[in-house]
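Analysis of the macromolecular model
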Amino acid sequence: MKKLTPLFALTIFFLLFQLSTVKVFSQNAVIKGTVKTVDGKAVDGASVSIKGETSGVITDGNGAFAISVPHGKLIVISGIGYQTVEIKPVFGKELSVELIRANGNLDEVVVVGYGSQKKVNLSGSIVALKGESLARRNTLQTSQALQGMAAGVTVTSNNGKPGKENTSIRIRGIGTINDNNPLVLVDGVASSVDAVDPNDIESISILKDAASSSIYGSRAANGVILITTKRGKSDKVMVTYKGSVGFTKPLNLPKNATAWDYMTLYNEANGNDLRNDAGVAGGAVYSTDKINTWKNATDRDAYPNSDMIRETYKNTAAQTQQYLGFSVGNGKFNSNTSLNFTMQNSNLPNTDYKRYGIRSNNSYTVSKYLEFGFDLSSRNTHINDAAPGTEIEGMLRQPAIYPTRYSNGVWGSSYAGTPHTMQTIFDKLNMRYEDYQEILARIYTKITPFKGMQFLFSYTPKINTDAYKGVTKQTSLYDYKTGVVIYKPSALASMYETRDVTNENDLNALATYTKSIGRHDITLLSGYQYLTNNFNELYGSRQGNNFQQFEEINAYDPTGQITNGYTTQWALQSYFGRLNYAYSGKYLFEANVRYDGSSRFANGYKWGIFPSFSGAWRFSSENFMNNINWLQNGKLRASWGKLGNQSGLGSNYPFAMNIATNRYTVFGGVLNPGYAPVNYALNDITWETTSMIDLGTDLSFFKGKLEVSFDWFKKQTENILLNMAIPGVMGYANSPKQNAGSVENKGYDITISHNNTIGKFYYKVTGILSDVKNQITNLGGLGPQINGTHVLQVGSPIDAYYGLQADGLFPSFKDARTYPVAQFGKLQGGDVRYKDLNADNKITGSDRVVLGNPIPRYTYSLDLYTAYKGFDFALFLQGVGKHDSYDAGWDAYPFQNASTLLVQHLDRWSEANPNPNATTPRLSINQQSNNLQPSSFWLINAAYLRLKNIQLGYTLPAQLVKKAGIADVRFFVSGNNVVTWSKMPVGIDPESPESTNNYVPILSTYTFGVEIEFL
């Protein structure tokens, strides 16, 4: 036998080896791995696929995946908001993949009216916010998290009382003299922004221009806010928990001057009031010895030096927020259910806020043709309010010389010798209890008969129940030494209860058809909505209760009790449609139309049609841009639309005259009951209409590292409903509603964002600037409508500040008395000097002019977010560049109507300090007619910059917590409303209302929390 040569043997071995490896590697292997961010967080829902194939898997809540991969194939891993990664797997080795945040995402899907679109295909002006960015602010109310987050959206909150923050949202200015609130839809159902826990939100879309909003027609004149809540995801089970505890502090409290300063300046004010015509001041009320004794005393029971505001407010108050979410999905059934609880104690005693909520979104896919859904949400809110009336005002007025509470616990009295408001709050003498409940169920069916065609039918019944209980108790006062009664009330204890129930039924039917033909993409939508609203109120009150601890109406005397109630209804029926067309992804067109009919108008005026058109050109997709690598997306937008508003009607039947049933007349010498119309009404009133033009551009540079969005708009509101006088000979005293006014808003929004990843360090900086100019263009022939310090007049902003032009203070008695222009009363040094604008040598109403603008301008914000390994840091600044406010009330006028003296009043004009630019005029007790005239002297600059939020977080390494059955743990500390820079007087916030008499200071909030996602 011939021997094998070494070369032949090696050849046989090589062939056998190749055959074996072909057999081995022609088989698939299962590759397992985890996907995380560069800072260690698991990426849920990332797509893992084989390159060149369409099928794949997605990561679970822990970022884990397992996929069968043929030999030699690459794995492609991508996620929304992250850069795509390609990896060559090593068989038998588990992968650990880090995704880097994408610098821009043109494929991001944005919720729009009755649907969704890719962000890149939008032709209207829409701001899209992710729910996680709002939840990161860690606010109790969603509306507070919105402040400064979107260009063109102004959010103000001017009350620090829990649950009663009085937050207002304005989209692109104030368009009407009536209701300016935007339409808020939660999963397509009308609601409020604060009806949703921030942690339940998947996304928020703010429709700013008419083209985006007109699909909602008569309710969209003030813009639309679409809130989409979280839903279950297929093939996933997720349990999440977020909890935080913290405390609040008043951001800025008024501060009383000392008792001895009060007495010294009271003497000065009294001397000014009694000053004779020779300029000699009158006598003192408090002697120098008394003032010195008071100042040097150690017995503060006998010589009080109180500051009721600061003694009543607690320095800190506790709060907590708890959230638990469950999400499941198996391809057929998807569900997301959450429970939330919020509690906030007020810095005012016996005042607190509690909210409980549950939300469950469920869907079941029967087949590719049919899907059913059932969504349920319920929230319950309870508020205890120990200062529902003028208690804050009472504390602000209490001078330091009156005791609040003696050292033995006995209460002091007010300046009038009655129980003061601090006792009212501590002893719960005037309590208001409020309970709010909302429950709704949304049932829907989605039918897809063939590819591209879809029908959606939904029905949502909603019930809101509001209950109010007010309890007023009476108490005596006692001498703190002897215990003898020094005050006994003459009024009776009283109580009232109110029940408001609103039933709303919302029926919707939608049909959507999508078709692509070559380079042409077409989407058609048509829909129908029928909405009914029924409101009922029941009220009852009684007086007299010898056992005041029983806070039930049955414990009160029924003699003289009052009961009443009423029911009112309205309905809205609508037909609407939309056409979207795109050619080659670069020429975009959209048309919307809505036809609304409202029961709140008379026959012949019920229906209104609201169309819109928008177009966009993605010039970055043109061939001539192929060699420009630094611009990834460039788009020009233009839109026009018409919207409606019926919120200014004042009632549900403004076209009908009110008939009184308690009118009596004499026939044949006998008094007979009768009926008569008491208010005249015009039946030809109709919708307020708003037309808007919007021109905008969206730019993305350097692979999405720099993004710019700019919009210019002009909004014209016409047919504004005004109360117009009618001839007296008609026999009616009212001024019925008429379509007469118009208002114009012009402005711009700009957003600039930069983000980048350097190694494992990620950062994103976003700056926002908006401005709007508002003016009334028509008042139906009416002249200036003056209301205190405000005016409505053509050519001025809505509610512009109106009054006299101040020209400083008179430097001396002689200057005041020799001033040739007649003002008000006998003038002295330190009185406000006014400009005689019409040169008639007297100051009258004819000298009044527009002084300022109460509508904020140049609203801006700066948002910084960074992440490095497990750490993340966020800083959010927000402010207003130009805003006028007016200083009025007890904080402006010391001693008026027995009010107190605050520290800012120490900077006043006096003979010892004859400063014509002092912040407070000469002091007076009861001769302030000249200085209290509405004027520019009291106008203040309310521009501000606020550190709205600062937060530091740390996410534990996944390998550390995985053994405990936990996918992700993040700890954080956060502060909201941390510090404010402004020129406001002490104790007044830039967002506070014009008159701070009953103003509760805005709160700073500091919290510590944890977020956990379980395996």
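- An unreviewed UniProt entry lists the protein under the name TonB-dependent receptor, with Ginsengibacter hankyongi given as the organism.
- According to its UniProt record, the protein has this under Subcellular location (unreviewed entry): "Cell outer membrane".

1. Description of the overall build of the protein
- Scanning the protein for helices and strands turns up eleven helices and 50 strands.
- C-alpha atoms of the protein, sized along the principal axes, occupy 145 × 75 × 65 Å.
- Burial statistics for the protein: of 1015 residues in total, 51% are counted as buried.
- Across the protein, every contact between residues at least 6 apart in sequence was considered, and the portion connecting residues at least 24 apart equals 69%.
- Surface accessibility of the protein: about 45200 Å² in total, with carbon and sulfur atoms responsible for 56%.

2. Quick notes on the sheet that holds strand E2 (residues 47-50)
- In spatial order, the strands read E3-E2-E5-E6; together these four strands make up an open sheet with antiparallel pairing. Strands at the two margins of the open sheet, each flanked by one partner only, are strand E3 (56-58) and strand E6 (85-87). Here the strands of the sheet are splayed against their neighbours by 20 degrees on average, with no regard to which way each runs.
- Where E2 meets strand E5 (residues 75-78), four bridges bridge the pair, whose relative direction is antiparallel.

3. Quick look at the nonpolar core
- Of all hydrophobic cores here, the largest spans 23 residues; its most connected members are Tyr114, Leu185, Tyr216 and Val224.
- Beyond its immediate sequence surroundings of up to four residues, Leu185 is in contact with Ala190, Tyr216, Val224, Ile225, Leu226 and Ile227.
- By size, the runner-up hydrophobic cluster in this structure holds 21 residues, among which are Ala145, Val193, Ile201 and Ile227.

4. Considering the sheet that holds strand E10 (residues 126-130)
- Taken in spatial order, the five strands line up as E10-E15-E16-E13-E14 in an open sheet, and their pairing is mixed. Pairing within the sheet leaves two strands with one partner each, and these edge strands are E10 and strand E14 (189-190).

5. Describing the UniProt feature "domain: TonB-dependent receptor-like beta-barrel" (unreviewed entry) in the protein
- As annotated by UniProt and renumbered to match this structure, "domain: TonB-dependent receptor-like beta-barrel" (unreviewed entry) occupies residues 474-977.
- For residues 474-977, the end-to-end C-alpha separation is 38 Å, with 2% helix and 56% strand making up the annotated structure.

6. Looking at the UniProt feature "domain: TonB-dependent receptor plug" (unreviewed entry) in the protein
- Mapped onto the present numbering, the UniProt feature "domain: TonB-dependent receptor plug" (unreviewed entry) falls at residues 119-224.
- Counting secondary structure, residues 119-224 comes out at 13% helix and 27% strand; the distance between its end C-alpha atoms is 17 Å.

7. Regarding the pattern of salt bridges
- Enumeration according to the criterion identifies 37 salt bridges in this entry.
- Residue Arg379 pairs with Glu438 through a salt bridge whose shortest N-O separation is 3.5 Å. Of this pair, Arg379 sits in strand E21 (residues 370-385) while Glu438 sits in strand E22 (residues 430-450), and the two are 59 residues apart along the sequence.
- What makes Glu438 buried here is its relative accessible area of 6%.
- A salt bridge links Arg946 to Asp989; the nearest nitrogen and oxygen atoms lie 3.0 Å apart. Of this pair, Arg946 sits in strand E48 (residues 944-955) while Asp989 sits in the loop between strand E49 (966-982) and strand E50 (1003-1014); the two residues are 43 residues apart in sequence, bridging distant segments of the chain. Summarising the burial analysis for this pair, Arg946 and Asp989 share the class buried.
- The structure contains a network of salt bridges with shared partners spanning Arg172, Lys208, Lys635, Arg637, Asp694, Asp698, Asp711 and Asp749.

8. A look at a nonpolar patch on the surface
- There is a patch of nonpolar side chains on the surface, built from Phe374, Leu376, Ile439, Ile443, Tyr459, Ile463, Leu507 and Tyr530 and spanning about 640 Å² of accessible area.
- Within the residue set of the nonpolar patch, elements represented by two or more residues are E21, E22 and strand E23 (453-472).
- Along the chain, Tyr530 falls in strand E27 (residues 520-543).
- Under the relative-accessibility criterion, Tyr530 is labelled partly exposed at 35%.

9. Section: the environment of Thr176
- Relative to the assigned elements, Thr176 resides in the loop between strand E12 (167-171) and strand E13 (183-186).
- Taking relative accessible area as the criterion, Thr176 reaches 2% and is therefore assigned buried.
- Spatially, the C-alpha atom of Thr176 lies 19 Å from that of Ser770, the residues being 594 residues apart in sequence.
- At 3.1 Å, the side chain of Thr176 forms a polar contact with the side chain of Glu688.

10. Concerning the environment of Asp557
- Along the polypeptide, Asp557 turns up in the loop between E27 and strand E28 (562-583).
- In this structure Asp557 comes out as partly exposed when scored by relative accessible area, which is 35%.
- Placed 64 residues apart in sequence, Asp557 and Ala493 show a C-alpha to C-alpha distance of 9.8 Å.
- Once you skip the residues sitting within four places of it in the chain, Asp557 turns out to touch Arg542, Gln543 and Gly544.
- A distance of 2.9 Å separates a polar side-chain atom of Asp557 from the backbone nitrogen of Thr559.

11. Considerations on the side chain of Thr502
- By the secondary structure assignment, Thr502 is in strand E26 (residues 494-517).
- Leaving out residues up to four positions away in the same chain, Thr502 has contacts with Lys462, Ile463, Asn464, Asn533, Asn534 and Phe535.

12. Section: the packing of aromatic side chains
- One pass over the full model with this rule turns up 37 aromatic pairs.
- Judged by centre distance (6.5 Å) and plane angle (65 degrees), the ring pair of Phe450 and Tyr513 falls under edge-to-face. Within this pair, whereas Phe450 is found in strand E22, its partner Tyr513 is found in strand E26, the two being separated by 63 residues in sequence.
- In this structure Phe450 comes out as partly exposed when scored by relative accessible area, which is 44%.
- The side chain of Arg405 reaches across the aromatic face of Trp411, ending 3.9 Å from its centre.

13. Some remarks on the domain arrangement of the protein
- Here the protein is described as being made up of domain 1 (28-99) and domain 2 (257-298).
- Computed over C-alpha atoms, the centres of domain 1 and domain 2 are 81 Å apart.

14. A look at the packing of helix H5 (residues 259-273) against helix H6 (residues 288-296)
- Viewed as axis vectors pointing N to C, H5 and H6 meet at an angle of 165 degrees, and their least axial separation amounts to 8 Å. The angle between H5 and H6 falls in the class roughly antiparallel. Pair H5 / H6 crosses with left-handed handedness. Two secondary-structure elements touch here, H5 through Ala259, Trp260, Met263, Thr264 and Asn267 and H6 through Ile291, Trp294 and Lys295.
- Broken down by class, the residue content of the contact of H5 with H6 amounts to five nonpolar, two polar and one charged.

15. Quick word on the pairing of E21
- As paired strands, strand E20 (residues 352-367) and E21 are joined by 15 bridges and run antiparallel to one another. Each residue of the ladder has a partner; that of Gly357, found in E21, is Arg379.
- Taking the residues between adjacent antiparallel strands as the criterion, E20 and E21 are bridged by two residues.
- Sheet analysis places E21 next to E22, joined by 16 bridges and oriented antiparallel. Opposite Asn384, over in E22, you have Tyr433 as the bridge partner.

16. Regarding the confidence of the model for the protein
- Per-chain confidence: the protein averages 89 in pLDDT, with 95% of residues scoring 70 or above.
- Within the model, pLDDT remains below 50 along residues 9-26, and this stretch shows two contacts once partners closer than five positions in the same chain are excluded.

Analysis parameters
Residues numbered from 1 in each chain as written. Predicted model: local features only at pLDDT ≥ 70, side-chain atom pairs only at ≥ 80, totals over all residues. Heavy atoms only, no water. UniProt positions renumbered as here; feature names shortened; annotations may be inferred. Helix = DSSP H or I, 4+ residues; strand = E, 2+ residues; numbered from the N terminus. Buried < 20%, exposed > 50% of the residue type's maximum accessible area, 1.4 Å probe, protein only. Contact = heavy atoms within 4.5 Å. Areas by Shrake-Rupley, 256 points an atom, 1.4 Å probe, with all protein chains shown as cover. Pairing = 2+ DSSP bridges. Axes fitted to C-alpha atoms, helices over the stretch in contact; angles between N-to-C directions. Core = buried A, V, L, I, M, F, W, Y, C linked by side-chain atoms within 4.5 Å. Salt bridge = Lys/Arg side-chain N within 4 Å of Asp/Glu carboxyl O. Patch = residues over 30% accessible without salt bridge, like charges linked within 9 Å, V, L, I, M, F, W, Y side chains within 5 Å. Polar contact = N/O pair within 3.5 Å; in protein donor to acceptor, adjacent residues only side chain to side chain. Phe/Tyr/Trp six-rings, centres within 6.5 Å; stacked < 30°, edge-to-face > 60°. Lys NZ or Arg CZ within 6 Å of the ring centre and 35° of its normal. Domains from an automatic or database assignment. Parallel < 35°, antiparallel > 145°, perpendicular 65-115°, else oblique. Left-handed = near helix turned anticlockwise from the far one by under 90°. Nonpolar A, V, L, I, M, F, W, Y, C, P; charged D, E, K, R; others polar. pLDDT = per-residue confidence, 0-100.

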